[in-house]
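The primary structure of each chain is shown beneath.
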Amino acid sequence: MAEPRTVARPYAEAVFRLADAALALAKWSEMLAALAAVASDERVRMAMKDPKLAAAKLAGLFISILAGGLSAEGENFVRVLAENRRLELLPEIRAQYEALKNEREGIVEAEIQSAFDLSNAQASDLVSRLEKKFGRKVKAKLTLDKELIGGIRVILGDKVIDGSARAQLAALENALKA
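Residues numbered from 1 in each chain as written. Predicted model: local features only at pLDDT ≥ 70, side-chain atom pairs only at ≥ 80, totals over all residues. Heavy atoms only, no water.

This brings us to the overall build of the chain. Along the chain, the regular secondary structure elements total eight helices and four strands. When the helices and strands of the chain are read in sequence order from the N terminus, they spell out α-α-α-α-α-α-β-α-β-β-β-α. Against the 2.2 N^0.38 benchmark of 16 Å for 178 residues, the chain shows a C-alpha radius of gyration of 21 Å, more extended than a compact globule. Overall, the chain is about 65 × 35 × 30 Å in size when its C-alpha atoms are taken along their principal axes. Across the 178 residues of the chain, 34% fall into the buried class. In the chain, the share of contacts with a sequence separation of at least 24, taken over all contacts with a separation of at least 6, comes to 69%. Summing over all exposed atoms, the chain offers an accessible surface of approximately 11000 Å²; the carbon and sulfur share of this is 55%. (Helix = DSSP H or I, 4+ residues; strand = E, 2+ residues; numbered from the N terminus. Rg over C-alpha atoms; globule rule 2.2 N^0.38 Å. Buried < 20%, exposed > 50% of the residue type's maximum accessible area, 1.4 Å probe, protein only. Contact = heavy atoms within 4.5 Å. Areas by Shrake-Rupley, 256 points an atom, 1.4 Å probe, with all protein chains shown as cover.)

Put into structure tokens, the structure is as follows:
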């Protein structure tokens, strides 16, 4: 069986092309977020696993839960996913869509892990420096990680900037062992 990431890719790309052509990237982002939230609900997940539940009823379930929250194209997308038994891929489709959208808009997502809470001024300054370094707009997600001991770790895609005390101690340990 293929990886969910691989199966979700054509759906994400198709939705992105549709949204981009209609100049509706933000609207589709909202719809996919709502659809992914519905698909992640435990009760809905149970319904999706029921082989006796017809695709039309499953699509109707999603559409009724999000009553008024989906465009006609969004409803059609749900029906296509239901017919192909791919509704469980909605969180992955959303993630891939967001990556395509961010790439188009010149945005890079960064996870900033800090040993201590950062003030708004510190976070803004850090984001500003990252934007200058990478030449793209940075969408930051701040998390607290006491394991770092001190400092911060920034993860941007496959790049990691580790300025934590833990990383410095590990480097010192390796140098002393050598």
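Here we take up the sheet that holds strand β3 (residues 152-156). The sheet built from four strands is open, its strands ordered β2-β1-β3-β4 with mixed pairing. Because the sheet does not close on itself, it has two edges, and the strands there are β2 (137-144) and β4 (159-162). Neighbouring strand axes in the sheet, compared pairwise and without regard to direction, differ in orientation by 20° on average. Relative to β4, β3 runs antiparallel, the two sharing four bridges. Bridge pairing links Leu 156 to Lys 159 in β4. Set on the sheet, helix α7 (residues 120-134) makes contact with β1 (107-114), β2, β3 and β4; between it and β2 the angle comes to about 135°. (Pairing = 2+ DSSP bridges. Axes fitted to C-alpha atoms, helices over the stretch in contact; angles between N-to-C directions.)

At a minimum axis distance of 10 Å, the contact between helix α3 (residues 42-49) and helix α4 (residues 55-65) shows a crossing angle of 160°. Taken together, α3 and α4 sit at an angle that is classed as roughly antiparallel. As α3 runs across α4, the sense of the crossing is left-handed. Two secondary-structure elements touch here, α3 through Val 44, Ala 47 and Met 48 and α4 through Leu 58, Leu 61, Phe 62 and Ile 65. The residue makeup of the contact of α3 with α4, split by class, is seven nonpolar, no polar and no charged. (Parallel < 35°, antiparallel > 145°, perpendicular 65-115°, else oblique. Left-handed = near helix turned anticlockwise from the far one by under 90°. Nonpolar A, V, L, I, M, F, W, Y, C, P; charged D, E, K, R; others polar.)

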